[in-house]
Amino acid sequence: MNVPLRMDLRGVSLRAGGTAAGRVLFHPLDLAVNAGERWVVLGPNGAGKSSLLSAMAGVFPLNAGEVRLQDRPLPHWRAQDLADWRAWCPQFWSDPFPSTVAETAAMAMRRGAWWAAPDDDDAAVAQVLAELDLAAFAKTDVRQLSGGERQRVAVATTFLQGAKLLLLDEPVSHLDLAHQRLLLRALIRRSEAGQAVVASLHDINLAWDLATHAVLLDGRGQALAGAREEVMSPRLLSQAFGVSIERVEVCGQTRFWVEP
Ligand SMILES: Nc1ncnc2c1ncn2[C@@H]1O[C@H](COP(=O)(O)OP(=O)(O)OP(=O)(O)O)[C@@H](O)[C@H]1O
């Protein structure tokens, strides 16, 4: 599949819980995600970041508008075909039965025929586990992992799905500083190879370092989307988060400083 990825959101609005009774999370949002782009989704708790990511994955009902993948509305896709294009790493997961890290990571590669493992499975799994600093855990039962280790396995599973669009809901929430940077580099490498990344994050400095583009939800119904520099302005971030945020240069790097 050498067709470049494109996802369009046109006039998308969501309600809390995806029900008609839920409050409107945000009013019409338009954006287009293209190959090579890295989008961050920012906003306070409850603003609708997870809801937006799951709507982009096709598993959360829209209040208004449409999401199109490769110019075809998401509801028109067969689940198995959709899995070739988009991978979704939710914020929570459960491990109801024993499974090794390698088996769990490989799970998304075998959609539709999990018993028929391709010959190159093992090498691909080993490569991604090494990339995410999980090689030593390949044979460990996922139920014995720490929160950060388990989160990296969830990301490994997402990577191994081989989809062009990676939708990651707070993928660094359990990660220490070194593993946050390791994941950031892995995501940048993937986007440079033609995949697209959409990730919700709470750390605006990490978000700045990752993003080419940003969506900012203010929790009061406003949604902004665009290039990183336009959306991640100190004024807009301060308004959305309700704290005073300054942008400073430290050692040649842009950093955000939150007034205590
Ligand atoms: N099943 C549900 N029924 C009703 N409301 C729900 C349901 N699930 C979630 N919500 C509400 O929808 C809103 C948006 O939730 P969402 O998880 O998308 O926010 P978020 O921006 O990802 O938050 P956080 O930063 O805390 O992870 C929240 O106010 C939440 O309470």
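To be clear, the structure that these remarks concern was listed above.
Attention here is on the structure that accompanies the text. Keep in mind that this is a model prediction, so the values were computed, not measured.

Strands sit in the order 2-1-4-5 across an open sheet of four strands; the sheet is antiparallel. Each having just a single partner strand, strand 2 (24-34) and strand 5 (72-73) make up the two edges of the open sheet. Inspection of the sheet shows strand 1 (residues 6-15) paired to strand 4 (residues 64-69) by five bridges, in the antiparallel sense. Bridge pairing in strand 4 links Asp8 to Arg68. Against the sheet, helix 1 (residues 49-57) engages strand 1, strand 2 and strand 4, with an angle of about 130° to strand 1.

Before going further, it helps to spend a moment on the site of the ligand. Of all residues adjacent to the ligand, which total 15 residues, the nearest are Arg23, Gly46, Lys49, Ser50 and Ser51. With respect to the ligand, the backbone of Ala47 contributes an N or O atom lying 3.2 Å from an oxygen atom. One nitrogen or oxygen atom from the side chain of His202 is found 3.1 Å from an oxygen atom belonging to the ligand. In the complex, the protein chains occlude 58% of the 650 Å² of accessible area that the ligand would expose alone. At three residues, the largest contribution of residues to the shell around the ligand is made by helix 1. Classifying every residue of the shell around the ligand gives four nonpolar, eight polar and three charged.

Within this structure, the stated rule accounts for one cavity of 30 Å³ or more. Reported here for the largest cavity is a volume of approximately 50 Å³. Forming the walls of the largest cavity are Pro171, Val172, Gln180, Leu183, Leu184, Leu187, Ala199, Leu201, Leu206 and Leu210. Secondary-structure elements contributing two or more residues to the lining of the largest cavity are helix 6 (177-192) and helix 7 (204-210). With four residues, helix 6 is the largest single contributor of residues to the lining of the largest cavity.

The next subject is the sheet that holds strand 6 (residues 86-89). As summarised here, the arrangement of the six strands in space is 6-7-8-3-9-10, forming an open sheet in which the pairing is mixed. The outermost strands of the open sheet, each flanked by one partner alone, are strand 6 and strand 10 (223-227). Going across the sheet, the axis of each strand differs from the next one's by a mean of 10°, ignoring polarity. Strand direction decides the pairing type here: strand 7 (residues 165-169) and strand 8 (residues 196-200), joined by five bridges, are parallel. The partner of Leu167 across the bridge, within strand 8, is Val198. Where helix 1 meets the sheet, it contacts strand 3 (38-42), strand 6, strand 7, strand 8 and strand 9 (213-217), and its direction lies at approximately 155° from that of strand 7. Against the sheet, helix 9 (residues 234-241) engages strand 3, strand 9 and strand 10, with an angle of about 35° to strand 9.

Reading the values: rules and limits
Residues numbered from 1 in each chain as written. Predicted model: local features only at pLDDT ≥ 70, side-chain atom pairs only at ≥ 80, totals over all residues. Heavy atoms only, no water. Pairing = 2+ DSSP bridges. Helix = DSSP H or I, 4+ residues; strand = E, 2+ residues; numbered from the N terminus. Contact = heavy atoms within 4.5 Å. Axes fitted to C-alpha atoms, helices over the stretch in contact; angles between N-to-C directions. Near = heavy atom within 4 Å. Polar contact = N/O pair within 3.5 Å; in protein donor to acceptor, adjacent residues only side chain to side chain. Areas by Shrake-Rupley, 256 points an atom, 1.4 Å probe, with all protein chains shown as cover. Nonpolar A, V, L, I, M, F, W, Y, C, P; charged D, E, K, R; others polar. 1 Å grid on protein atoms, 1.4 Å probe; cavity = no way out; pocket = protein on both sides within 12 Å on 5 of 7 lines; lining within 4 Å. Points joined across faces, edges and corners; volume = space filled by probe spheres on them.

Nothing here speaks to function; it is geometry throughout.
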